[in-house]
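Residue strings, one per chain:
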Amino acid sequence: MKLDLNITPVLQWFPDYHKPLLIAGPCSAESEGQMLDTAKQIAAQLPNSIFRAGIWKPRTRPNTFEGIGSIGLKWMQQVKQQTGLRTATEVATASHVEECLNHGIDILWIGARTTVNPFSVQEIAEVLRGVDIPVFVKNPIYPDLQLWAGALERINNAGITKLAAIHRGFHSFDNGPFRNSPNWQLAVDLKAACPQLPFICDPSHIAGTPELIPFIAQKALDMDMEGLMIETHCNPAVALSDAKQQVTPVQLFEILNNLHIRSALVNNTEIQSKLDELRCIINKLDKDLLELLAKRMTVSEKIGEYKRDNSITILQVSHWKTLVESCVANGKQIGLSPEFVKELYHLIHDESIRIQTEIMNKN
Ligand code: PEP
Ligand code: MN
């Protein structure tokens with residue numbers, strides 16, 4: 001995928017930036033007391049961080065807490081005045097943007113439910129034309145890389161160069177232990193398409209529970225992401241939204257203290273040469289793997305011809321099920337995780353079906 005964005009490096013927006021850029025604060029602004037209590041605790045330990053709070057909340061069902069609304073912007077101003085923290089909130093419409101700009105909000109983000117809608121993103125982009133403010137774009141709810149890239153392009157085309165992507169996980173059929181599947185590969189693909197684009201991971205919305213946040217946060221740093229957004233509330237138990245996933249400021253500090261910050265740059269020649277050696281082995285194995293896959297597809301082609309000539313359907317579900325089961329069992333014996341083998345065989349099987357469909361259509 002090609003993605004040409006004009007990005008200003010984070011150090012130019014925030015001269016005090018050092019990895020990870022941290023965005024912490026409650027899912028929702030609920031009261032002035034809740035905001036100031038949370039913000040003061042965060043600022044005492046992490047004065048360079050960014051304070052987040054949702055003012056307008058996109059909720060799945062009506063008649064739940066849909067955000068405190070504009071009054072919360074005044075509380076954001078209080079947070080900024082009393083703690084010196086920069087402030088960030090989610091915008092979904094042009095009027096949200098205007099209100100935020102009028103109240104001196106420092107950073108805006110576009111939520112996952114808005115990124116899916118190019119009309120809304122364009123509306124936000126238009127009102128941002130000529131404004132100099134950092135904008136973060138969360139990934140869309142479902143795993144569509146083009147929508148994520150498209151939203152970033154729309155905002156960038158409006159002249160916003162202080163731009164970052166937020167990886168908050170994707171809704172999928174099976175989210176495993178997480179609230180939203182991380183699908184790390186999608187974030188890697190976007191980063192590969194635009195290496196200068198800063199990435200922020202939102203472990204709270206991926207994990208959905210505090211216990212899994214450290215694992216996701218560490219993984220994000222090891223994927224060389226620049227920042228973390230972690231929902232933090234002075235009393236998560238009584239939170240009006242996302243109560244189950246928010247952490248206290250004390251828990252937040254503990255999570256951060258236990259993170260290992262590793263470097264993407266290898267300065268040590270000994271480490272570099274060992275890495276090169278191992279990568280050489282991987283390259284050779286990758287070549288062998290591709291050759292084997294190509295051979296397998298040639299056999300699929302033959303099977304396709306045979307099925308066509310004998311009027312047999314491409315898919316025979318019971319055969320496919322037995323095949324996956326035996327591959328999972330074989331994989332397990334040699335130390336491969338069942339999830340990995342299943343996913344791998346879904347891909348291989350899809351390609352095999354595609355090849356066989358082509359052959360069927362030839363006649
Ligand atoms: C949020 O950050 O509180 C939020 C609504 O997130 P998302 O858009 O990722 O669901
Ligand atoms: Mn939330």
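If you're wondering where the values come from, they're calculated on a predicted model, not measured in any experiment. (Residues numbered from 1 in each chain as written. Chains lettered and ligands numbered in written order. Predicted model: local features only at pLDDT ≥ 70, side-chain atom pairs only at ≥ 80, totals over all residues. Heavy atoms only, no water.)

J.: It is not clear to me how the site of ligand 1 should be interpreted in this structure. Could you clarify?
T.: Near ligand 1 you find Cys27, Arg52, Lys57, Glu90, Trp109, Gly111, Ala112, Arg113, Lys138, Arg168, His205 and Glu231, and these make up its full shell. Arg168 places a polar side-chain atom, nitrogen or oxygen, 2.6 Å from an oxygen atom of ligand 1. Its free accessible area being 300 Å², ligand 1 has 97% of it covered by the protein chains. Here the residues of the shell around ligand 1 sort into three nonpolar, two polar and seven charged. (Near = heavy atom within 4 Å. Polar contact = N/O pair within 3.5 Å; in protein donor to acceptor, adjacent residues only side chain to side chain. Areas by Shrake-Rupley, 256 points an atom, 1.4 Å probe, with all protein chains shown as cover. Nonpolar A, V, L, I, M, F, W, Y, C, P; charged D, E, K, R; others polar.)

J.: Could you clarify how one ought to interpret the domain arrangement of the protein chain in this entry?
T.: Many analyses report the size of an interface as the accessible area lost when the parts associate. Looking at the protein chain, the domain boundaries give domain 1 (10–257) and domain 2 (269–362). Each of domain 1 and domain 2 has a C-alpha centre, and these two points are 38 Å apart. (Domains from an automatic or database assignment.)

J.: Hey, could you run me through the packing of helix α2 (residues 32–45) against helix α3 (residues 71–83) in this one?
T.: A packed helix pair is summarised by two numbers, namely the angle formed by the two axes and the spacing between the axes. Viewed as axis vectors pointing N to C, α2 and α3 meet at an angle of 30°, and their least axial separation amounts to 10 Å. As summarised for this structure, α2 and α3 are arranged roughly parallel, according to the angle between their axes. For the pair α2 and α3, the crossing hand works out as right-handed. When α2 is examined against α3, the residues Glu32, Met35, Leu36, Ala39, Lys40 and Ala43 are found in contact with a partner set consisting of Gly72, Trp75, Met76, Gln78, Val79, Gln82 and Thr83. Taken together, the residues that form the contact of α2 with α3 break down as seven nonpolar, four polar and two charged. (Axes fitted to C-alpha atoms, helices over the stretch in contact; angles between N-to-C directions. Helix = DSSP H or I, 4+ residues; strand = E, 2+ residues; numbered from the N terminus. Parallel < 35°, antiparallel > 145°, perpendicular 65-115°, else oblique. Left-handed = near helix turned anticlockwise from the far one by under 90°. Contact = heavy atoms within 4.5 Å.)

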